[in-house]
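Letter by letter, the chains look like this.
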Amino acid sequence: EEMNSTMSEEPDALSVVNQLRDLAADPLNRRAIVQDQGCLPGLILFLDHPNPPVVHSALLALRYLAECRANREKMKSELGMMLSLQNVIQKTTTPGETKLLASEVYDILQSSSVSETDGVNETNYRRRKAQFFLGSTNKRAKTVVLHIDGLDDSSRRNLCEEALLKIKGVISFTFQMAVQRCVVRIRSDLKAEALATAIASTKVMKAQQVVKSESGEEMLVPFQDTPVEVEQNTDLPEYLPEDESPTKEQDKAVSRVGSHPEGAGSWLSTAANFLSRSFYW
């Protein structure tokens, strides 16, 4: 009896956390989710969930939310946030990708107060931000920037996200819709070609890798035609930092592409209802 009831709640938690993750993927929703009473505490509780996919999905949602600078202080000071992230990182049963993702979120939040109080100028801030996005502490991860032909609306983004999530070794990803790009963090032993194959499997999109030449020019390297070159290029994250944060103009364009904020409101209340039912009775 007991066991059955928990079994039946499992998909429920996963579907709710996946909805929150999808909402958080849209830059327009990120402030609202963090301001909402129920969502952040709920995501933190999900970090202790026994089902590993729930934990990973909650971390992806937090990773998206932390991209919005204005959210970071509140997230960092939210009760249990930093502690739960540390627990995920330290738990021996946590899968490797999940640990890396948790430490990435932890680093972003941990460094937030530093960059705010310094009053550093934007370039410096971006350089520093890029350093911890690249997980300077994290030798086991690397960044691959993809240019994805056909990435032009949120349903395509979801397809792309699903394809990437299936690959073992993918830690997190950030979409820059306005420029059809996806910045993917992967374990250093994963070949970048795997990403291209997954994206090609959607049948509607095709990926090329963005690399920088000696002179600092960006180049697109197709995957299938030059596997040898790609082999060498996959390990060049140090060229990429400046591109990690899209410019202000791109951000505006990114927002236009996303789902409608009014839809988000009702999702948030559904999510919050679920969270309060599950955790606060």
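Procedures and definitions
- Residues numbered from 1 in each chain as written.
- Predicted model: local features only at pLDDT ≥ 70, side-chain atom pairs only at ≥ 80, totals over all residues.
- Heavy atoms only, no water.
- UniProt positions renumbered as here; feature names shortened; annotations may be inferred.
- Helix = DSSP H or I, 4+ residues; strand = E, 2+ residues; numbered from the N terminus.
- Buried < 20%, exposed > 50% of the residue type's maximum accessible area, 1.4 Å probe, protein only.
- Contact = heavy atoms within 4.5 Å.
- Areas by Shrake-Rupley, 256 points an atom, 1.4 Å probe, with all protein chains shown as cover.
- Phe/Tyr/Trp six-rings, centres within 6.5 Å; stacked < 30°, edge-to-face > 60°.
- Polar contact = N/O pair within 3.5 Å; in protein donor to acceptor, adjacent residues only side chain to side chain.
- Axes fitted to C-alpha atoms, helices over the stretch in contact; angles between N-to-C directions.
- Parallel < 35°, antiparallel > 145°, perpendicular 65-115°, else oblique.
- Left-handed = near helix turned anticlockwise from the far one by under 90°.
- Nonpolar A, V, L, I, M, F, W, Y, C, P; charged D, E, K, R; others polar.
- Pairing = 2+ DSSP bridges.
- Salt bridge = Lys/Arg side-chain N within 4 Å of Asp/Glu carboxyl O.

If you check an unreviewed UniProt entry, the chain appears there as Armadillo repeat-containing protein 1 from Chloroceryle aenea. Database annotation for the chain, UniProt heading Function (unreviewed entry): "In association with mitochondrial contact site and cristae organizing system (MICOS) complex components and mitochondrial outer membrane sorting assembly machinery (SAM) complex components may regulate mitochondrial dynamics playing a role in determining mitochondrial length, distribution and motility." Per UniProt, the chain carries the Subunit (unreviewed entry) text "Interacts with mitochondrial contact site and cristae organizing system (MICOS) complex components IMMT/MIC60 and MICOS10/MIC10. Interacts with mitochondrial outer membrane sorting assembly machinery (SAM) complex components SAMM50 and MTX1."

Teacher, can you tell me more about the overall build of the chain here?
Scanning the chain for helices and strands turns up 14 helices and five strands. Burial status across the chain gives 49% buried among its 281 residues. Taking the contacts inside the chain whose residues are at least 6 apart along the sequence as the reference set, 72% of them involve residues at least 24 apart. When the accessible surface of the chain is totalled, it reaches about 13,600 Å², and 54% of it is carbon and sulfur.

Honestly, the packing of aromatic side chains in this entry has me stumped. Any pointers?
Think of a pair of aromatic rings as described by two things: how far the centres are apart, and how the planes are tilted against each other in angle. Taken as a whole and judged by the stated rule, the model has one aromatic pair. A centroid spacing of 5.8 Å and a plane angle of 55 degrees characterise the contact between phenylalanine 173 and phenylalanine 175, whose relative ring orientation is tilted. Each of the two residues, phenylalanine 173 as well as phenylalanine 175, counts as buried.

Mind showing me how you'd approach the environment of glutamate 67 here?
Following the sequence through the fold, glutamate 67 ends up in the loop between α4 (52-66) and α5 (69-77). Classification of glutamate 67 by relative accessible area gives buried; the value is 17%. Distance in space between the C-alpha atoms of glutamate 67 and arginine 30 is 8.5 Å, their sequence separation being 37 residues. For glutamate 67, the side chain forms a polar contact with the side chain of threonine 174, separated by 3.4 Å.

Before we go on, may I ask you to explain the packing of helix α6 (residues 81-90) against helix α7 (residues 96-110) in this structure?
Helix-helix packing: each pair is described by the crossing angle between the helix axes and the interaxial distance. Look at α6 against α7: their axes get within 8 Å of each other, and the N-to-C directions meet at 150 degrees. Considered as vectors, α6 and α7 are oriented roughly antiparallel to each other. Judged by the twist between their axes, the crossing of α6 over α7 is left-handed. Seen from α6, the contacting residues are Met81, Met82, Leu85, Gln86, Val88 and Ile89; seen from α7, they are Thr98, Lys99, Ala102, Ser103, Val105, Tyr106, Leu109 and Gln110. Here the contact of α6 with α7 is built from residues that sort into nine nonpolar, four polar and one charged.

Quick question: what am I supposed to make of the sheet that holds strand β5 (residues 218-222) here?
Think of a sheet as strands paired side by side through backbone hydrogen bonds, with each pair either parallel or antiparallel. Taken in spatial order, the five strands make up an open sheet running β2-β3-β1-β4-β5, and their pairing is antiparallel. The open sheet has two edge strands with one neighbour each: β2 (170-176) and β5. Each neighbouring strand pair of the sheet contributes to a mean axis angle of 35 degrees, computed without reference to strand direction. When strand β4 (residues 206-212) meets β5, the two strands line up antiparallel, connected through five bridges. Bridging from a neighbouring strand, glutamine 208 pairs with proline 222 of β5. Its contacts with the sheet put helix α10 (residues 154-165) on β1 (141-149), β2 and β3 (181-187), and the angle it makes with β2 is roughly 165 degrees.

Whenever I open this one, the pattern of salt bridges confuses me. Can you help?
Pairs can form between side chains of opposite charge whenever their charged atoms are close. The full count for this structure, using the stated rule, is 10 salt bridges. Close ionic contact of lysine 74 with glutamate 78 constitutes a salt bridge, the shortest N to O distance being 3.2 Å. Judged by relative accessible area, which is 33%, lysine 74 ranks as partly exposed. Here glutamate 78 falls in the buried class, since its relative accessible area comes to 18%. For the salt bridge of glutamate 97 with lysine 168, the shortest nitrogen-to-oxygen distance reads 3.8 Å. You can see glutamate 97 sitting in helix α7 and its partner lysine 168 sitting in the loop between α10 and β2, a full 71 residues away along the chain. The class of glutamate 97 is buried, set by a relative accessible area of 10%. What makes lysine 168 exposed here is its relative accessible area of 68%. Within this structure, Arg30, Arg63, Glu67, Glu104 and Arg185 form a network of salt bridges that share partners.

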